[in-house]
Amino acid sequence: MSNELELRSPAVPGLGAAAALSIGAGVIHAAMVGVHAEHPTLARLFIAAAVFQIGWGLVALTRPNRLLALVGVLGNAGAFAFWLTTRLTDVSIIDGLESSEAASFVDTTCALLGLAAALTAAMVLARRDAVLRAFSVAPFALVATMLTVPAMIVGADHNAGGHDTEAAGAEHAAGEDHAVTGEQQAAVAGEAQAATGEDHAVGQEHAAGEDHAAGEDPAVAEDEQAAGEEHAAGEKHATGEEHATGEEEHAAAATDWPRPYDPAKPLDIDGVKGVSGQQQAWATALIDRTQKDLPMYASTDEAYAAGYRSIGDADTGVEHYINYSYLADGVSLDPTKAESLVYQVDGKQRTLVSAMFIAEPEYASATDPELTELAGPLITWHTHENLCWTGGEDGPIVVGTADRQEDCPEGSVLTGGGKPMAHVWIAPHECGPFAALEGHGAGQVGDGTTTRTDVCSQGHHADGEDANAGKKGDPEAQAVAPKRYDPKKPIDLSGVKGVSLEQQARAENLIAITLNRLPKYASTDTAYADGFRSIGDAATGYEHYINWSYINDEHELNPDFPESLVYQADPETGERTLVS
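One structure accompanies this document, and this report is about it. Since this is a predicted model, take the numbers as computed values, not measurements.

### A few points about helix α5 (residues 105-125)
- For α5, built from 21 residues, the straight-helix expectation of 30 Å at 1.5 Å per residue is met to within 8% by its first-to-last C-alpha distance of 30 Å.
- Restricting attention to buried positions, one finds in α5 the residues V106, D107, T109, C110, A111, L113, G114, A117, A118, T120, A121 and V124.
- Positioned one or two residues after α5, R127 has a phi angle of 60°, which is positive.

### A look at the pairing of strand β13 (residues 542-546)
- As paired elements, strand β12 (residues 533-534) and β13 share two bridges and run antiparallel to each other. Bridge pairing links R533 to I546 in β13.
- The sheet contact formed by β13 and strand β14 (residues 564-569) spans five bridges and is antiparallel. In the strand pairing of β14, Y542 is matched with Q568.

### Considerations on the pattern of salt bridges
- All chains considered together, the criterion is met by six salt bridges.
- R87 serves as the salt-bridge partner of D107, at 2.9 Å between the closest nitrogen and oxygen. Here R87 lies in helix α4 (residues 66-88) and D107 lies in helix α5, a separation of 20 residues in the sequence. Summarising the burial analysis for this pair, D107 and R87 share the class buried.
- In this structure, E543 engages R576 in a salt bridge whose closest nitrogen and oxygen atoms are separated by 2.4 Å. Taken together, the residues span a long stretch of sequence, with E543 in strand β13 and R576 in strand β15 (residues 576-578) at a distance of 33 residues.
- According to the relative accessible area criterion, R576 is partly exposed, its value standing at 28%.
- Salt bridges sharing partners connect three or more residues here, namely R517, K520 and D560.

### Focus on a nonpolar patch on the surface
- A grouping of L58, L61 and V137 is seen on the molecular surface, where their side chains present a nonpolar patch of about 240 Å² in accessible area.
- The residue V137 is located in helix α7 (residues 137-160) in this model.

### Description of the sheet that holds β12
- Read from one edge of the open sheet, four strands run β12-β13-β14-β15, paired in antiparallel fashion. Strand pairing shows two members of the sheet lacking a second neighbour, β12 and β15, which therefore form its edges.

### Digging into the packing of helix α2 (residues 15-31) against helix α3 (residues 40-62)
- Two elements in contact, α2 and α3, have axes separated by 7 Å at closest approach and are oriented at 155°. Classified by the angle between their axes, α2 and α3 sit roughly antiparallel to one another. Judged by the twist between their axes, the crossing of α2 over α3 is left-handed. The residues of α3 that touch α2, namely those facing L15, G16, A18, A19, S22, I23, A25, G26, V27, H29 and A30, are F46, A49, A50, Q53, I54, W56, G57, L58, A60 and L61.
- Split into classes, the residues belonging to the contact of α2 with α3 amount to 15 nonpolar, six polar and no charged.

### Focus on α3
- An ideal rise of 1.5 Å per residue puts 33 Å on 23 residues; α3 measures up with 33 Å between its terminal C-alpha atoms.
- Of all the positions in α3, only L42, A43, F46, A49, A50, Q53, W56, G57 and A60 are classed as buried.
- If you follow the buried residues of α3, they end up packed against α2, α4 and α5.

### A few points about the environment of Q503
- For Q503, the location among the structural elements is in helix α15 (residues 501-517).
- Among the residues examined, Q503 registers a relative accessible area of 42% and is labelled partly exposed.
- Taking C-alpha positions, Q503 is 9.9 Å from L493, a pair spaced ten residues apart along the chain.

### Overview of the packing of α3 against α4
- At a minimum axis distance of 11 Å, the contact between α3 and α4 shows a crossing angle of 150°. Between α3 and α4, the angle falls in the class roughly antiparallel. Here the hand of the crossing between α3 and α4 comes out left-handed. Mapping the contact onto sequence places L45, F52, Q53, W56, V59 and A60 in α3 and L68, A69, V71, G72, G75, N76, A79 and F82 in α4.

### Considering the packing of aromatic side chains
- The full count for this structure, using the stated rule, is eight aromatic pairs.
- Here the aromatic rings of Y321 and Y343 are separated by 5.3 Å at their centres, their planes lie at 70°, and the arrangement is edge-to-face. Linking Y321 in strand β5 (residues 318-322) with Y343 in strand β6 (residues 340-346), this pair joins segments that are 22 residues apart in sequence. The two residues Y321 and Y343 agree in class, both being buried.
- When the ring of Y545 is compared with that of Y567, the centres are 5.2 Å apart and the planes differ by 70°; the resulting orientation is edge-to-face. Here the residue Y545 occupies a position in strand β13, and Y567 occupies one in strand β14, the gap between them amounting to 22 residues.
- The ring of Y304 has R309 lying over it, and the distance from NZ or CZ to the ring centre is 3.5 Å.
- Looking at R533, its charged tip hangs above the ring of Y528, at a distance of 3.6 Å from the centre.

### As for the pairing of strand β7 (residues 349-358)
- The buried fraction of β7 is high, at seven of ten residues.
- Here β6 runs beside β7; their pairing, made up of seven bridges, is antiparallel. Paired with V345 across the two strands is R350, which belongs to β7.
- Linkage of β6 to β7, two consecutive antiparallel strands, is achieved through a turn of two residues, within which G347 is found at a positive phi near 65°.

### Observations regarding the nonpolar core
- Counting residues in hydrophobic clusters, the biggest one holds 42 residues, and the most contacted among them are Y297, L341, L378, W381 and F434.
- For this core, the elements supplying multiple residues, two or more each, are α12 (277-293), β5, β6, β7, α14 (369-375) and β10 (413-425).
- Residue contacts for L341: discarding those within four places in its chain leaves L294, Y297, A303, Y308, E319, H320, Y321, L352 and S354.
- In this structure, L21, M32, A117 and A144 belong to the second largest nonpolar core, which totals 18 residues.

Scoring rules and cut-offs
- Residues numbered from 1 in each chain as written.
- Predicted model: local features only at pLDDT ≥ 70, side-chain atom pairs only at ≥ 80, totals over all residues.
- Heavy atoms only, no water.
- Helix = DSSP H or I, 4+ residues; strand = E, 2+ residues; numbered from the N terminus.
- Expected span 1.5 Å × (residues − 1).
- Buried < 20%, exposed > 50% of the residue type's maximum accessible area, 1.4 Å probe, protein only.
- Pairing = 2+ DSSP bridges.
- Salt bridge = Lys/Arg side-chain N within 4 Å of Asp/Glu carboxyl O.
- Patch = residues over 30% accessible without salt bridge, like charges linked within 9 Å, V, L, I, M, F, W, Y side chains within 5 Å.
- Areas by Shrake-Rupley, 256 points an atom, 1.4 Å probe, with all protein chains shown as cover.
- Axes fitted to C-alpha atoms, helices over the stretch in contact; angles between N-to-C directions.
- Parallel < 35°, antiparallel > 145°, perpendicular 65-115°, else oblique.
- Left-handed = near helix turned anticlockwise from the far one by under 90°.
- Contact = heavy atoms within 4.5 Å.
- Nonpolar A, V, L, I, M, F, W, Y, C, P; charged D, E, K, R; others polar.
- Phe/Tyr/Trp six-rings, centres within 6.5 Å; stacked < 30°, edge-to-face > 60°.
- Lys NZ or Arg CZ within 6 Å of the ring centre and 35° of its normal.
- Core = buried A, V, L, I, M, F, W, Y, C linked by side-chain atoms within 4.5 Å.

Next comes the structure, spelled out in structure tokens:
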């Protein structure tokens with residue numbers, strides 16, 4: 001009889017506090033059901049959690065007993081354990097939880113309230129009455145309310161603002177991600193190198209994660225040059241509509257794309273012509289996932305430990321790391337397993353700015369409908385057919401792009417990159433969240449007719465343009481004042497009037513290759529051994545060495561076969577420093 005009276009006694013210290021905490025967690029779960037309405041199974045789990053936590057809390061308040069405390073421990077601890085699992089790993093069997101998620105204020109508050117309820121109920125079971133007598137219901141109810149109300153407000157704003165788009169787009173992604181997650185296929189070594197055809201040709205990516213517009217379709221570039229059109233930063237080249245071919249419709253539909261992108265501001269991809277609601281939701285979810293997950297590789301040490309290796313292009317202002325094991329792993333568009341990482345270079349510092357996703361081997365065409373329909377004209381999938389590669393200690397190294405005759409620098413080979421690729425930026429970019437290079441080496445759409453929709457000519461509001469206003473009759477006024485050149489900084493030849501985007505890209509590429517290859521002649525002894533001879537002009541402050549056998553050879557603008565080397569001559573020490 002005494003035991004029965006004890007079990008039914010309303011005086012169970014601490015159980016009321018546990019009940020208040022549990023009710024708070026349940027209310028948050030109930031409020032978030034609508035946010036996950038697109039995923040019925042997940043929504044039902046939220047409903048079940050809300051019903052249990054609120055229901056248990058009410059029963060514990062009105063009919064407290066220690067056996068009820070055991071139920072509270074199991075239920076609330078289970079809810080916390082499930083939440084923790086979804087933050088640490090993928091739960092592929094539940095629609096909407098296919099990818100692990102980072103903890104947010106709303107779900108963390110809910111989880112911690114449940115955990116606190118479980119711990120308090122556990123203390124009730126352990127009969128820590130001396131401590132629990134201080135756990136009156138009122139303070140805990142107040143704390144639970146102070147946490148629950150802000151969490152509900154934040155959750156509502158998050159949903160109304162459209163930021164929780166991963167839930168909205170996940171169902172679509174689950175149905176369409178099959179386009180890029182086919183079964184793993186074996187690839188020969190040449191294919192693996194081809195797949196690393198980076199979205200940034202050497203010498204053509206620039207600081208702050210910004211690509212320099214380096215040439216769209218040559219015919220388009222010529223049309224624009226003839227028309228004298230100059231484009232302000234962040235503008236796209238509205239040339240898609242000038243083409244009569246049916247293949248141009250995809251590009252022409254995106255007449256207001258791309259737009260400047262800043263992760264710190266609300267995402268602006270609404271209302272792009274030719275983009276469906278599902279495609280917009282899918283694209284937004286991909287951006288959100290990349291913003292959330294890619295920073296796990298913020299340090300190149302972390303990337304290296306995960307298997308990423310540099311392709312040796314830091315001289316261009318950005319450095320690319322490839323994980324070759326991800327090129328045919330059956331996983332695509334997963335920021336935790338991005339095939340390529342892009343880092344901005346500032347001296348020895350590297351700042352992660354972008355992921356570059358490479359489609360699985362079965363998708364060899366950049367115009368494969370299963371790829372292009374994922375996000376419509378928001379993303380231009382493209383391939384690389386003109387990159388030059390050589391061997392390195394950690395893997396293949398890209399040394400530049402082939403010339404018009406498809407010749408590569410000596411010691412490198414032309415490897416066609418047949419794998420479709422696409423970018424997602426986590427740093428501000430004037431050409432949008434999916435921006436890529438535009439020009440020679442920037443990648444080809446694949447069918448030779450489609451205009452890229454990620455084209456954006458930044459920098460063509462040229463420096464000095466305003467200063468030259470009204471001087472159109474002066475030929476010198478038509479040229480932009482030269483920019484100071486520092487080979488330690490990213491290469492930037494943008495904004496020169498009369499220079500097409502493709503010409504700009506070729507010039508930048510020549511500089512990048514020269515910076516990479518010419519230093520082998522840093523010593524005049526090495527130059528002499530290779531056939532270079534001084535013309536005896538050191539008294540001028542510079543001494544030129546000429547290799548007469550290169551004057552009439554077949555090589556032109558090739559840093560491996562320079563006709564002349566220029567050394568700065570120090571008259572006091574006699575030292576020679578290679579400068580050009």
